[in-house]
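# A look at the structure
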Amino acid sequence: MGLGHEIGSAGAGPSQPRPASSAEAIPSSAFPDQEHPALIVREPVETDAPSIGTVHVRAWQKAYRGGLMPDEYLDGLFGDDRAQMWAEGLRRPPRATFARFVAEDDGGSVVGFVTVGPADGELNSSEGELYALNVDPDAWGRGFGQALLLAATDALSEAGFREALLWVHPGNERARAFYERFGWGSDGGQRQEEVLGVLVPEVRYRRPLGIDHDFASTAVDSDAVGVLSIGLRLPVLETAT
Ligand SMILES: CC(C)(COP(=O)(O)OP(=O)(O)OC[C@H]1O[C@@H](n2cnc3c(N)ncnc32)[C@H](O)[C@@H]1OP(=O)(O)O)[C@@H](O)C(=O)NCCC(=O)NCCS
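It should be emphasised that the depicted structure is a prediction, and the values quoted were computed from it without experimental measurement.

What follows deals with the overall build of the protein. The secondary structure content of the protein amounts to six helices and eight strands. Expressed as a percentage of its 241 residues, the buried residues of the protein come to 40%. If you take every contact in the protein between residues at least 6 apart in sequence, the share linking residues at least 24 apart comes to 71%.

Written out as structure tokens, the structure reads:
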């Protein structure tokens, strides 16, 4: 649930050529019941940093209020701090096997982001990790989280990982239900992790990769998800060249 190394930009380590930006609009037919006719998942560029910072803080303030994290800590989060961290990370291309995506609504606003890479940031790890996934609370329940999660697991799969893990606060029921809906499950792992300066409990979730996503129980019909999945695979394939 943190960020830290997870922005995944290249330091002195190996890098992989990636386009500055790649985007694939999801046709409006994918979301027939929505007011918002399309969403875009693409790789972020440096100018996205302020929006990403704002999304990060707003998502945390909504998700972790009510005892999951201290109110004074949440009140003290500033989008500008997060934005600065992202701006630094986005000046460099992501390292090989790391990936990051943002979701845009049809008005062109960045409303969510996801970051992935090798587990614990260890380049030689055989497992992938979903480091962070956040959607602006005003956009929750409209499919952005699902689209970002698809992009994330596709990227990890394309990078060669066969399994992925993530850490989630045990009291973050919305996120846990969301992940469980998409085939993730607790493997019993637990830890206390310092996340941006605060010690929080976390439970580990795990999911095999390279298998079809199970959308049978989602609100989105399978034809629509087919379009969604194809649309999201394109940026990942482009970056592999
Ligand atoms: C967890 C989180 C990422 C989910 O994002 P989201 O954009 O709300 O997720 P989605 O919209 O894709 O799916 C959530 C719900 O919308 C529904 N949905 C999905 N696609 C939809 C669509 N096209 N149209 C309408 N509803 C849709 C889902 O079925 C699901 O229903 P539910 O509310 O009954 O569970 C988001 O709540 C969040 O950012 N939380 C705070 C940060 C956080 O906890 N991150 C995870 C830390 S490990």
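Resuming the write-up.
Taken together, the neighbourhood of the ligand is formed by 25 residues, with Ala63, Trp140, Gly143, Gly145 and Gln146 sitting nearest. Broken down by secondary-structure element, the contributors of at least two residues to the shell around the ligand are helix H1 (49–63), strand E5 (128–135), helix H4 (144–158), strand E6 (163–168) and helix H5 (173–181). Element by element, the count of residues in the shell around the ligand is highest for H5, at four residues. Of the residues belonging to the shell around the ligand, the class tally is 15 nonpolar, eight polar and two charged.

The subject of this paragraph is the confidence of the model for the protein. Where the model shows low pLDDT, its predicted coordinates should not be examined in detail. Mean pLDDT for the protein: 79, with 72% of residues reaching 70 or above. Under a pLDDT of 50 for its full length, residues 11–34 has, in the predicted model, 52 contacts with residues more than four places off or in other chains. Under a pLDDT of 50 for its full length, residues 214–241 has, in the predicted model, 43 contacts with residues more than four places off or in other chains.

A word on the environment of Tyr205. Mapped onto the elements of the fold, Tyr205 is located in strand E8 (residues 198–208). Excluding anything up to four places from it in sequence, Tyr205 contacts Leu165, Leu166, Val168, Tyr179, Trp184, Gly185 and Ser186.

What follows covers H1. Taking 1.5 Å of rise per residue, 15 residues should cover 21 Å, and H1 covers 21 Å from first to last C-alpha, within 8% of that figure. Of the surrounding secondary structure, the elements contacted by the buried residues of H1 are helix H2 (71–75), helix H3 (79–90), strand E3 (99–104), strand E4 (110–118), E5 and H5.

Quick look at the environment of Gly79 now. Within the secondary structure, Gly79 is located in helix H3. Under the C-beta neighbour-count criterion, Gly79 is labelled partly exposed, with 18 such atoms within 10 Å. Setting aside residues no more than four positions away along its own chain, Gly79 makes contact with Gly53, Thr54 and Val57.

Rules used in this analysis
Residues numbered from 1 in each chain as written. Predicted model: local features only at pLDDT ≥ 70, side-chain atom pairs only at ≥ 80, totals over all residues. Helix = DSSP H or I, 4+ residues; strand = E, 2+ residues; numbered from the N terminus. Buried ≥ 20, exposed ≤ 12 C-beta atoms within 10 Å, placed from the backbone. Contact = placed C-beta atoms within 7 Å. Near = placed C-beta within 6 Å. Nonpolar A, V, L, I, M, F, W, Y, C, P; charged D, E, K, R; others polar. pLDDT = per-residue confidence, 0-100. Expected span 1.5 Å × (residues − 1).

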